[in-house]
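# Structural description and commentary
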Protein chains: 2
Amino acid sequence: MSKKNRPMTIGALAKAANIGVETIRYYQRRGLVTEPEKPFGSIRHYEEQALERLHFIRTAKWLGFSLDEIGGLLILQDGTHCDEARTLGEQKLTSVRQKILSLQRIERALDELVHECRVQQGSVYCPLITSLHDGLEKFSPEERP
Amino acid sequence: MSKKNRPMTIGALAKAANIGVETIRYYQRRGLVTEPEKPFGSIRHYEEQALERLHFIRTAKWLGFSLDEIGGLLILQDGTHCDEARTLGEQKLTSVRQKILSLQRIERALDELVHECRVQQGSVYCPLITSLHDGLEKFSPEERP
DNA sequence: GTTACCCCCGTAGTCAGCTACGGAATCAAG
DNA sequence: CTTGATTCCGTAGCTGACTACGGGGGTAAC
């Protein structure tokens, strides 16, 4: 039950990972993906490993890690640095949660304003605009970093 | 109960908003902050209003809005058409809600990983790292962008 | 074996969002 | 009135994450 480890060209790899060839080469330059040896005057071939690495990068990026941070995670790859990896994850988690809270406050504010606007239709003054004038202050005063 | 509206120089404004002078000027060029009239061959003075504007921009930026999007939000404050304002507000509301949902998915994924990491302490393999490897399939397979 | 596509590699451009530079004018302290 | 900090303004540079270009060479389908 082992997957075929058939090597592929950079184009095939890019297609398999659903990213651009140039992006892969950029990751190589950044040291996030290792460039395989070039067979005598020929074309490089990539193993399944490279595809997994690209998945790793894509997922970590989705989680909000920067390429530099991903580089940091890759160093921890041998699995023996769980503490450090967890710390990185916890930091990301904290900032994500802060963003969610702030967005929820904005959501409530916008929702209220839009709602008032609909009720008040036909009036000369736009409640949304007038409320925004000083109204946003009560929704996010000092919680702003 | 009205605050003193003492005007300040751009330097004082920058200090008050805790951002750089150059950044303010950049926002002016982008049309996010209006540049006050320059008194006869002299120095511009900024009102409290400008400071509030900068707070607004900073908050919205931290929440992940681009400067262009912030420009859109600011039209709500300067505009005179209720319909347009409401429409913009509704669009923003929709995108804010999408952002919240995305961040909540990210939060769940990170939270589970960090949790597994803590439970698994002492193991040879780090669950966070291995999950990144496997592409986080079990958390949110096809909803990843 | 020719043709069309793909790879290699370096360099350069893009986009967002700043950040810095530099020289002239202006203001504030002493 | 001098000195030293600010302001003004235009333009240029930087970071992060790509994306494109171009010329030369390999590969594979017919």
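Use the structure listed above.
In what follows, the accompanying structure is described. (Residues numbered from 1 in each chain as written. Chains lettered and ligands numbered in written order. Predicted model: local features only at pLDDT ≥ 70, side-chain atom pairs only at ≥ 80, totals over all residues. Heavy atoms only, no water.)

## Here we look at the protein's contact with DNA strand C
In the vicinity of DNA strand C there are 19 residues, among which A:Thr9, A:Gly11, A:Arg25, A:Arg44 and B:Ser42 approach most closely. The sugar-phosphate backbone supplies 72% of the atoms of DNA strand C found within 4 Å of the protein. One of the side-chain N or O atoms of A:Arg44 is found 2.2 Å from a phosphate oxygen in DNA strand C. At the level of secondary structure, the elements contributing two or more residues to the surface near DNA strand C comprise α1 (10–17) of chain A together with α2 (21–30) of chain B. In terms of residue count, α2(B) provides more of the surface near DNA strand C than any other element does, 5 residues in total. (Near = heavy atom within 4 Å. Polar contact = N/O pair within 3.5 Å; in protein donor to acceptor, adjacent residues only side chain to side chain. Helix = DSSP H or I, 4+ residues; strand = E, 2+ residues; numbered from the N terminus.)

## Some details on the protein's contact with DNA strand D
Around DNA strand D there are 20 residues in total, and A:Ser42, B:Thr9, B:Gly11, B:Arg25 and B:Arg44 lie nearest to it. Sugar plus phosphate: this is where 66% of the atoms of DNA strand D within 4 Å of the protein reside. B:Arg25 has a polar side-chain atom sitting 3.5 Å from a base nitrogen of DNA strand D. Residue B:Arg44 places a side-chain N or O atom 2.3 Å away from a phosphate oxygen belonging to DNA strand D. Elements represented by at least two residues in the surface near DNA strand D include exactly α2 (21–30) of chain A together with α1 (10–17) and α2 of chain B. Within the surface near DNA strand D, the residues separate by chemical class into 6 nonpolar, 6 polar and 8 charged. (Nonpolar A, V, L, I, M, F, W, Y, C, P; charged D, E, K, R; others polar.)

## A look at the environment of A:Leu74
All names here are of chain A. Here Leu-74 lies in helix α4 (residues 67–75). Judged by relative accessible area, Leu-74 falls into the buried class, the value being 11%. C-alpha separation for the pair Leu-74 and Ile-57, spaced 17 residues apart in sequence, amounts to 9.0 Å. Sequence-distant contacts of Leu-74, that is, excluding residues within four places in its chain, are made with Leu-32, Arg-53 and Phe-56. (Buried < 20%, exposed > 50% of the residue type's maximum accessible area, 1.4 Å probe, protein only. Contact = heavy atoms within 4.5 Å.)

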